[in-house]
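The lines below spell out each chain.
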Amino acid sequence: MTARPRRPRRGLRSATALALLALASAPALSQQNEAPAGAPAAPPSDARPVEQVTFLPGASIGVAPLPGMRPSTRFLGFENPQDGTFLALITAPPEEWEAISRRYALESLPEQGFSDPQREEITIEGASEAFKVSGEQRLQQSLSVDKWVVAARTPEQVALVIAQRVPLQPAYTRQAIEAALETIALRAPPGLEEQIAALPFDVGDRAGFRPVRVTGGNSVLLTEGEDNVVQGADQPVVIVAASQEISPPEERRDDFARRAVQGLAGLSDVRIERSQGFRQDNADWHEIQATATEPSGVPVVVQQTLRFTDTGFIRVLGVAKDAERETWTPRFRALADSLEPR
């Protein structure tokens, strides 16, 4: 590694920002803890959820977890580390309801790996609309899971609860998962600063950027300017997100970082200009600077900084007009340099 020199607001709607937000906030829903080889398969439990609905810090969605589940350190929600069953809690702006509803329409589910899916309208107190999708989903060539998605719409937000279990040696029956989903409760979203305080990292220096939204309990989106509505990269966008997967070994980090940038949804003609690992503040880091084209045709600069931790990594993605890179990239770096895991 080398050493590196030292008004009323609406929802953010740029295609670039939404693509980055989705990438940064989505839990690593395919990760599972496998049972040891040869371990005896215990019958799945039909246990009922605990009696009290739990709202995790900074969360506006509550649920009564099943016995054996604990708050996840990877995403906002609960999981059983023994078999990988989880309940992930995700929020989105209310204007995203139509897109989410289309994504989970029956005709859209087969292309996402679902076989014989079911969708039904349900009632959740405080929601004007709600539905539940369930079915078997193939995630990899050799891995299929049981998946549930509950979506609810309120005036303040869209609430999503995603449940998943691996049917090989499950800790719970399908009926137990269904029972947990029936306990979903909604409340008004906590204040933005309260949500930021609950993130698994601290941003010591926001470098003048203004936080707009916390998503999934693991990511925050920031910008600069009066508007939260960003068209054609008119304002810079920064997303900071805690990892949802295990950190790659040192020898694979450069390739990992490059593929992450090349795979950013909503950007085309991605060209990496610089890619380097370095050591700073007793931690391993990696940074990439690249150019790309935003969907509106605007050339942008993309700066990705990864800080690796004992349990994963923290990722900073900054996007701004390429013509203004000298203004924004030093500030992206100043924000990234101030990151500390909690």
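Residues numbered from 1 in each chain as written. Predicted model: local features only at pLDDT ≥ 70, side-chain atom pairs only at ≥ 80, totals over all residues. Heavy atoms only, no water.

## Quick notes on the sheet that holds strand E6 (residues 129-140)
Piece 1. Across the sheet, which stays open at both edges, the seven strands sit in the order E2-E3-E4-E8-E7-E6-E5 with antiparallel pairing between neighbours. Each end of this open sheet is capped by a strand with a single partner; those strands are strand E2 (70-71) and strand E5 (114-121).
Piece 2. Looking at chain direction, E2 and strand E3 (residues 77-79) are connected through two bridges and run antiparallel. When the bridges of E3 are listed, Arg70 appears paired with Glu79.
Piece 3. Contacts between helix H3 (residues 174-181) and the sheet are confined to strand E4 (86-92), E6, strand E7 (143-153) and strand E8 (158-165), with E7 contributing the most and set at about 20° to the helix. (Pairing = 2+ DSSP bridges. Helix = DSSP H or I, 4+ residues; strand = E, 2+ residues; numbered from the N terminus. Contact = heavy atoms within 4.5 Å. Axes fitted to C-alpha atoms, helices over the stretch in contact; angles between N-to-C directions.)

## Some remarks on the pattern of salt bridges
Piece 1. Across all of its chains, the model carries 20 salt bridges by this definition.
Piece 2. Taking the shortest distance from any N to any O, the salt bridge between Arg174 and Asp146 comes out at 3.4 Å. With Arg174 in helix H3 and Asp146 in strand E7, this pair connects stretches of sequence that are 28 residues apart.
Piece 3. Taken together, the salt bridges that share partners define one network made up of Glu98, Glu129 and Arg153. (Salt bridge = Lys/Arg side-chain N within 4 Å of Asp/Glu carboxyl O.)

## Thoughts on the layout of surface pockets
Piece 1. Taken as a whole, the second largest pocket spans an internal volume of roughly 750 Å³.
Piece 2. Contributing to the lining of the second largest pocket are 41 residues, with Gly58, Thr91, Gln195, Val214 and Thr215 lying nearest its centre.
Piece 3. At the level of elements, E4, helix H4 (192-197) and strand E11 (210-215) are the ones that each hand at least two residues to the lining of the second largest pocket.
Piece 4. The greatest single-element share of the lining of the second largest pocket, amounting to six residues, is contributed by E11.
Piece 5. Taken together, the residues that form the lining of the second largest pocket break down as 21 nonpolar, 14 polar and six charged. (1 Å grid on protein atoms, 1.4 Å probe; cavity = no way out; pocket = protein on both sides within 12 Å on 5 of 7 lines; lining within 4 Å. Points joined across faces, edges and corners; volume = space filled by probe spheres on them. Nonpolar A, V, L, I, M, F, W, Y, C, P; charged D, E, K, R; others polar.)

## Concerning the packing of aromatic side chains
Piece 1. Per the counting criterion, the structure on display carries seven aromatic pairs.
Piece 2. A ring pair is formed by Phe209 and Trp328, whose centres lie 6.0 Å apart and whose planes are at 35°; its orientation type is tilted. Separated by 119 residues along the polypeptide, Phe209 in the loop between strand E10 (201-203) and E11 and Trp328 in helix H6 (residues 325-337) bring together distant segments of the chain.
Piece 3. Accessibility expressed as a relative area gives 9% for Trp328, which makes it buried. (Phe/Tyr/Trp six-rings, centres within 6.5 Å; stacked < 30°, edge-to-face > 60°. Buried < 20%, exposed > 50% of the residue type's maximum accessible area, 1.4 Å probe, protein only.)

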